[in-house]
Amino acid sequence: MTAPIIDMHSHFIPARFPDRPSGVEEPAWPSLKSVPGGAQMFVGDTLFREFESYYWDVEGRIATLDRNDVAVQVISPLPELFSYWLDRRAGAVLTDAMNRECAAMVTESGGRLRGFGILALQDIGKAVEQVAEIAELGLVGVFAGSHVNGVSIANAQFHPVLAALEKHGLALFIHGLKPAGLDRIEGPGLMGAVLGVPYEGTMALGGFIATDVFGRFPKLKIIFAHGGGMIASIIDRMDLVWEKFPGPMQASLNIRPSEYARRFHYDTVVFSPRAVAFLAERFGAGCILAGTDGPTEIGQTDLEDFIAQTGLSQTDRHAILGGNAARVLDISL
């Protein structure tokens, strides 16, 4: 029996961006220029990349879901649209527009799409207001970066946002963003994303563990993109330090880091069934959610076959393919 599949990690861009707010001089404001079959996205005057219409075409997206036997897809804006680096007013306008567009696509899909909103986290007060608005729009959670202009998402200054997410029952989906230390990464420019994005996710996750995020927000649901980065490989090191240096570590964390890590959730976008199996071994299959990272060129396709190759039990595979996401994101199948 085939399990209903939920792809909880997929991106969109709007068919058009809103106009830049009057009186705001924001050189990084995004725009689109139509080309055959899609559009070119510009950041200011600089071409970012070209996108196929799939990114905003709900009908075309649903046709692709049908071909891939995906029951529900959860969409979120591209990480490049988080907009933390923009002027506060510009960031608020752009993120509000992305949230409305996401909700409109969800409505148009007739139940096949769900959505994560984004927040103008450079303005905490505005971000808290946006959490309530995202809940009213019927989205399932918030998509956020690993840091906001160099400040970890695990930092206490973002606690009002986490409190609002917990209050409204919304999940927090975290993705590595603008990696630090790019000047120390050799090779082609793409190596920054290959190495840096998982590193950023690991840093955020480690920060949440070390500061006992669930001690403050016990009902908060936190999901990490790309399997939580390197957390499954370094968690034993954290356990060792927790044991050997109980003064500084156990003062803020009263259980082993490896046990604490089982309270987070992780997507399957790790590009290896063996890596998914390792995550399941370390943290339990119940915390793993299937995702493709589509429709990017490096998206992870054919989820059913990919998860079948993990060698996990049928019960665990079905949970990963859809059951876990349905529970965590409150999606009816």
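Residues numbered from 1 in each chain as written. Predicted model: local features only at pLDDT ≥ 70, side-chain atom pairs only at ≥ 80, totals over all residues. Heavy atoms only, no water.

Caption draft 1: Representation of the overall build of the chain. Looking only at helices and strands, the chain features 12 helices and 13 strands. Against the compact-globule benchmark of 20 Å for 333 residues, the chain has a radius of gyration of 19 Å, which places it among compact chains. Within the chain, contacts between residues at least 6 apart in sequence are counted, and of these 69% link residues at least 24 apart. Accessible surface for the chain amounts to roughly 14700 Å². Of this, 52% is attributable to carbon and sulfur atoms. Between the centroid of the 27 positive side chains of the chain and the centroid of its 38 negative side chains there is a distance of 5 Å. (Helix = DSSP H or I, 4+ residues; strand = E, 2+ residues; numbered from the N terminus. Rg over C-alpha atoms; globule rule 2.2 N^0.38 Å. Contact = heavy atoms within 4.5 Å. Areas by Shrake-Rupley, 256 points an atom, 1.4 Å probe, with all protein chains shown as cover. Lys, Arg positive; Asp, Glu negative; His and termini not counted. Charge placed at Lys NZ, Arg CZ, Asp CG, Glu CD.)

Caption draft 2: Fine view of the environment of Val 24. Along the chain, Val 24 turns up in the loop between strand 1 (6-12) and strand 2 (30-35). Sequence separation between Val 24 and Asp 87 is 63 residues, and the spatial gap between their C-alpha atoms is 7.8 Å. With near-sequence residues (within four places) excluded, Val 24 lies in contact with Asp 87, Arg 89 and Ala 90.

Caption draft 3: Highlighting helix 3 (residues 124-136). Taking 1.5 Å per residue as the helical rise, helix 3 with its 13 residues ought to reach 18 Å, and the 19 Å between its terminal C-alpha atoms agrees with that figure. Every buried residue of helix 3 is accounted for by Lys 126, Ala 127, Gln 130, Val 131 and Ile 134. Along the axis of helix 3, the buried positions cluster into a sector of 150 degrees, meaning they face one direction only. In this structure, the buried residues of helix 3 make contact with helix 2 (88-108), strand 6 (113-117), strand 7 (141-145) and helix 4 (159-168). Two residues or fewer after helix 3 comes Gly 138, characterised by a positive phi angle close to 85 degrees. (Expected span 1.5 Å × (residues − 1). Buried < 20%, exposed > 50% of the residue type's maximum accessible area, 1.4 Å probe, protein only. Arc of directions from axis to C-beta.)

Caption draft 4: Local environment of the pairing of strand 2. Sheet analysis places strand 2 next to strand 3 (residues 38-43), joined by six bridges and oriented antiparallel. Looking at strand 3, one finds that Leu 32 is bridged to Met 41. The loop that links strand 2 with its antiparallel partner strand 3 comprises two residues; one of these, Gly 37, has a positive phi angle of about 85 degrees. (Pairing = 2+ DSSP bridges.)

Caption draft 5: The pairing of strand 4 (residues 46-52), seen in detail. The sheet contact formed by strand 3 and strand 4 spans six bridges and is antiparallel. Opposite Ala 39, over in strand 4, you have Phe 51 as the bridge partner. What sits between the antiparallel neighbours strand 3 and strand 4 is a turn of two residues, in which Gly 44 has the positive phi angle 65 degrees.

Caption draft 6: Summary view of the packing of helix 2 against helix 3. Axis separation between helix 2 and helix 3 bottoms out at 11 Å; the angle between their running directions is 10 degrees. Regarding the angle of helix 2 to helix 3, the classification is roughly parallel. Here helix 2 runs over helix 3; the crossing is right-handed. When helix 2 is examined against helix 3, the residues Ala 92, Thr 95, Asp 96 and Asn 99 are found in contact with a partner set consisting of Lys 126, Gln 130, Glu 133 and Ile 134. Classifying every residue of the contact of helix 2 with helix 3 by side-chain character gives two nonpolar, three polar and three charged. (Axes fitted to C-alpha atoms, helices over the stretch in contact; angles between N-to-C directions. Parallel < 35°, antiparallel > 145°, perpendicular 65-115°, else oblique. Left-handed = near helix turned anticlockwise from the far one by under 90°. Nonpolar A, V, L, I, M, F, W, Y, C, P; charged D, E, K, R; others polar.)

Caption draft 7: Examining the sheet that holds strand 2 more closely. Pairing is antiparallel across the open sheet formed by three strands, whose spatial order is 2-3-4. Looking at which strands have only one partner, the edges of the open sheet turn out to be strand 2 and strand 4. Geometrically, the sheet is characterised by an average inter-axis angle of 25 degrees between neighbouring strands, direction not taken into account.

Caption draft 8: Spatial organisation of the packing of aromatic side chains. On inspection of all chains with the given rule, the structure shows 14 aromatic pairs. Ring centres 4.9 Å apart and planes at 50 degrees place the aromatic pair Phe 82 and Phe 143 in the tilted group. Here the residue Phe 82 occupies a position in the loop between strand 5 (72-77) and helix 2, and Phe 143 occupies one in strand 7, the gap between them amounting to 61 residues. This pair shows no difference in class: Phe 82 is buried, exactly as Phe 143 is. Counting every residue linked through ring pairs, the aromatic cluster contains Phe 82, Tyr 84, Trp 85, Phe 116, Phe 143 and Phe 173. Just above the ring of Trp 85 sits the side chain of Lys 178; from NZ or CZ to the centre is 4.4 Å. Stacked on the ring of Tyr 260, the Lys or Arg Arg 263 has its end atom at 5.5 Å from the ring centre. (Phe/Tyr/Trp six-rings, centres within 6.5 Å; stacked < 30°, edge-to-face > 60°. Lys NZ or Arg CZ within 6 Å of the ring centre and 35° of its normal.)

Caption draft 9: Structural detail: the sheet that holds strand 5. Strands sit in the order 1-5-6-7-10-11-12-13 across an open sheet of eight strands; the sheet is parallel. Bordering the open sheet on either side are strand 1 and strand 13 (288-289), each of which pairs with just one other strand. Two elements, strand 6 and strand 7, share two bridges in a ladder whose sense is parallel. Opposite Phe 116, over in strand 7, you have Gly 141 as the bridge partner.

Caption draft 10: Expanded view of the packing of helix 5 (residues 191-210) against helix 7 (residues 231-244). Where helix 5 contacts helix 7, the two axes come as close as 11 Å, and the packing angle between them is 40 degrees. Judged by the angle between their axes, helix 5 and helix 7 are oblique. The hand of the helix 5/helix 7 crossing is right-handed. Within the contact between the two elements, helix 5 uses Thr 202, Leu 205, Gly 206 and Ile 209 and helix 7 uses Ile 231, Ile 234, Ile 235 and Met 238. Among the residues forming the contact of helix 5 with helix 7, the class breakdown is six nonpolar, two polar and no charged.

Function cannot be inferred from these measures alone, as they are strictly geometric.
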